[in-house]
Amino acid sequence: MLNDNQTTADQHDENEVERVRRAKMEQIAALGVSPWGAKFERSHTAKDILELGENRSKEELDELAIHATIAGRIMLLRDQGKAAFAHLQDMTGRIQIYIRQDIIGEDAYKVWKLLEMGDIVGATGTIFKTKTGETTLKVVGLTLLTKALKPLPEKYHGLTDVEVRYRQRYVDLIVNPEVRDTFIKRSKIVQGVRRWLDERGFLEVETPTMHVIPGGAAARPFSTHHNALDMQLYMRIAIELHLKRLIVGGLEKVYEVGRVYRNEGVSTRHNPEFSLLELYWAYTDLRDIMDLTEGLIASVCQEVNGSTKIQYQGTAIDLTPSWRRVSMVEAIREVVRIDFSAQMSDEEARELARQHKVKLENHYTFGHIVNEFFETFVEGTLVQPTFIFGHPIEISPLAKKNPDDPRFTDRFELFIVGREHANAFSELNDPIDQRERFEKQLAEKEAGNDEAQEMDEDFINALMYGMPPTGGLGIGMDRLIMLLTDQPSIRDVLLFPHMRHQ
RNA sequence: GGGCUCGUGGCGCAAUGGCAGCGCAAACGACUCUUAAUCGUAAGGUUGUGGGUUCAAGUCCCACCGAGCCCA
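Just so it is clear, the structure is predicted and the values come from calculations on it, not from any experiment. (Residues numbered from 1 in each chain as written. Chains lettered and ligands numbered in written order. Predicted model: local features only at pLDDT ≥ 70, side-chain atom pairs only at ≥ 80, totals over all residues. Heavy atoms only, no water.)

### Considering the protein's contact with RNA strand B
Moving on, step 1. Contacts to RNA strand B come from 43 residues, most closely from Lys24, Lys131, Thr132, Lys155 and Arg491.
Moving on, step 2. Expressed as a percentage, the sugar and phosphate content of the atoms of RNA strand B within 4 Å of the protein is 61%.
Moving on, step 3. Interatomic distance of 3.0 Å between a backbone N/O atom of aspartate 79 and a base nitrogen of RNA strand B.
Moving on, step 4. One of the side-chain nitrogen or oxygen atoms of arginine 100 is found 2.8 Å away from a base oxygen of RNA strand B. (Near = heavy atom within 4 Å. Polar contact = N/O pair within 3.5 Å; in protein donor to acceptor, adjacent residues only side chain to side chain.)

This is how it looks when you write it as structure tokens:
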């Protein structure tokens, strides 16, 4: 029984519509019917019934008299006095039901009259076609499964307020079928990635998401605290360093699809927590990882879209392998006619940056400037899938040096529609070099780069046991899903995107 | 962090600085093959919050809260 406070609290903000719904709930209960239902066995889904009706005439269906039991939410209701049509929605779609007082009986029809859009019911009956040809279930028995105490949004225009759609995704999912389709597709993409990797002998693993040292990427972490051990912990910003420890351990082909957390702004491409695929493959290098990346993305795209040629926000994108491969310095040379493969001092590079009004920070040396040129002038122009390789060593502290020019590394990033979609290296496996790279990162941190990486002594320790030459890859799953589902914002592929507290 | 745009019944939208309206849903009534069913009747609002200008503010100004887009 409700106490007085609870009653007050529950009804405090109720509007007229909600008061009426609550009154109907009470009337239903008074008729001896539970408004909250119980387990209900279905024989068919909405889609099953539509398929049974397809390619069958009205007469054939009547003769077959197929019996079916379904359940779903009432989405449309056309009451005609002693009969009614309604559309029930389940996870597979919508199916029309036809209810007549003379079939279900006066008592059952009295309950039906108290139902409205948004309520969830079970219905059993036979499949037939209306005179307009719509496959419909003629109901002989109706069961209320759940009474909805709030009304659905407008039945034709649905819910368009993006704030409400993100904050109350459950309502968005009820009334916007294309939203549901996007998230079903998201699940298929993630599943497709896993299957593709599993079929090739990769081992899926799970590593800690709370790190003592936040490493493996240039990003600010979220920090937290472990009370019992009284220690500072960070939510991981990458999976990299743990997976490479597993390569040292001999697991040779490993991957993890998991959530990482970066303490930065929110935009159409950034959410504080997002899903990352990382993969490491012993005895391979950058070239093998390029081949793998092409194969993986093209295959998953084919699987979910039926083609490797897709449209993204009105732009045709061709994901059919092989994709263009071009070095970062060459890509810059093509666009701004500067050749960074030439030897030059940090000061000469800084001068070029000033001339071209490229962002320049205090700690910047040659390689940072090359990267700024790339991000400023080239990145946005890479619409079709393009591997950019040969990143400066300063921004790649975990990648092997290029044997021909140690200012650059054996690293690539994949760009599609002007956005970074993947990041990969021939992994640095020299512990002495790795220690020096970490030390340079610490020096950058001193110089004011708060995204510089930290020294991870245990990771160095692991490398000292010997990590075989290894190719590694990271793919931002949310951006890949945006691309493959043609969604403009990362929030449209996250069920519950991060929102400011109301 | 900066710029622009937005916030009006449960939902979708209107309203030259001058009586806050329409549609859907919901209420009451009619209707046993409807398709956003239809027809009739009646109801629902402190216009995000707080200040200001004005005879008069949903509308103009300021601040704050929230959202979207663009930029950093």
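### Overview of a nonpolar patch on the surface
Moving on, step 1. Taken together, the side chains of Tyr170, Leu495 and Phe496 present a nonpolar region at the surface, about 340 Å² in accessible area.
Moving on, step 2. With respect to the element layout, leucine 495 can be found in the segment after helix H17 (477-485). (Patch = residues over 30% accessible without salt bridge, like charges linked within 9 Å, V, L, I, M, F, W, Y side chains within 5 Å. Areas by Shrake-Rupley, 256 points an atom, 1.4 Å probe, with all protein chains shown as cover. Salt bridge = Lys/Arg side-chain N within 4 Å of Asp/Glu carboxyl O. Helix = DSSP H or I, 4+ residues; strand = E, 2+ residues; numbered from the N terminus.)

### Quick look at the sheet that holds strand E16 (residues 411-416)
Moving on, step 1. Strand order in the open sheet formed by eight strands is E6-E10-E11-E18-E17-E16-E15-E14, with mixed pairing between adjacent strands. Either end of the sheet is taken by a strand with one partner, and the two such strands are strand E6 (203-204) and strand E14 (324-327).
Moving on, step 2. Bridge count for strand E15 (residues 386-389) against E16 is four bridges, and the pairing is antiparallel. Paired with phenylalanine 389 across the bridge in E16 is phenylalanine 412. (Pairing = 2+ DSSP bridges.)

### A short note on the sheet that holds strand E7 (residues 210-211)
Moving on, step 1. Ordered by their spatial adjacency, three strands build an open sheet running E7-E9-E8, and the pairing between neighbours is antiparallel. Each of the sheet's edge strands pairs with one partner strand only, and the pair in question is E7 and strand E8 (223-226).
Moving on, step 2. Alignment of E7 against strand E9 (residues 231-235), held across two bridges, turns out to be antiparallel. Within the sheet, the bridge partner assigned to methionine 210 lies in E9 and is methionine 235.

### Some words on the nonpolar core
Moving on, step 1. Formed by 42 residues in total, the largest nonpolar core has its most connected members in Leu277, Leu319, Leu473 and Leu484.
Moving on, step 2. Broken down by element, this core gets its largest block of residues, nine residues, from helix H11 (residues 286-305).
Moving on, step 3. In contact with leucine 484, other than residues within four places in its own chain, are Lys185, Ile189, Val300, Cys301, Asn305, Ile310 and Leu319.
Moving on, step 4. In this structure, Leu61, Ala84, Ala123 and Leu137 belong to the second largest nonpolar core, which totals 25 residues. (Core = buried A, V, L, I, M, F, W, Y, C linked by side-chain atoms within 4.5 Å. Buried < 20%, exposed > 50% of the residue type's maximum accessible area, 1.4 Å probe, protein only. Contact = heavy atoms within 4.5 Å.)

### Details of the packing of helix H15 (residues 431-446) against helix H16 (residues 457-464)
Moving on, step 1. Direction vectors running N to C along H15 and H16 enclose 160 degrees, while the axes themselves pass 9 Å from each other. Considered as vectors, H15 and H16 are oriented roughly antiparallel to each other. When the axes of H15 and H16 are compared, the crossing they make is right-handed. Residue-level inspection shows Pro431, Gln434, Arg435 and Phe438 of H15 in contact with H16, the latter providing Glu457, Phe459, Ile460, Leu463 and Met464.
Moving on, step 2. Taken together, the residues that form the contact of H15 with H16 break down as six nonpolar, one polar and two charged. (Axes fitted to C-alpha atoms, helices over the stretch in contact; angles between N-to-C directions. Parallel < 35°, antiparallel > 145°, perpendicular 65-115°, else oblique. Left-handed = near helix turned anticlockwise from the far one by under 90°. Nonpolar A, V, L, I, M, F, W, Y, C, P; charged D, E, K, R; others polar.)

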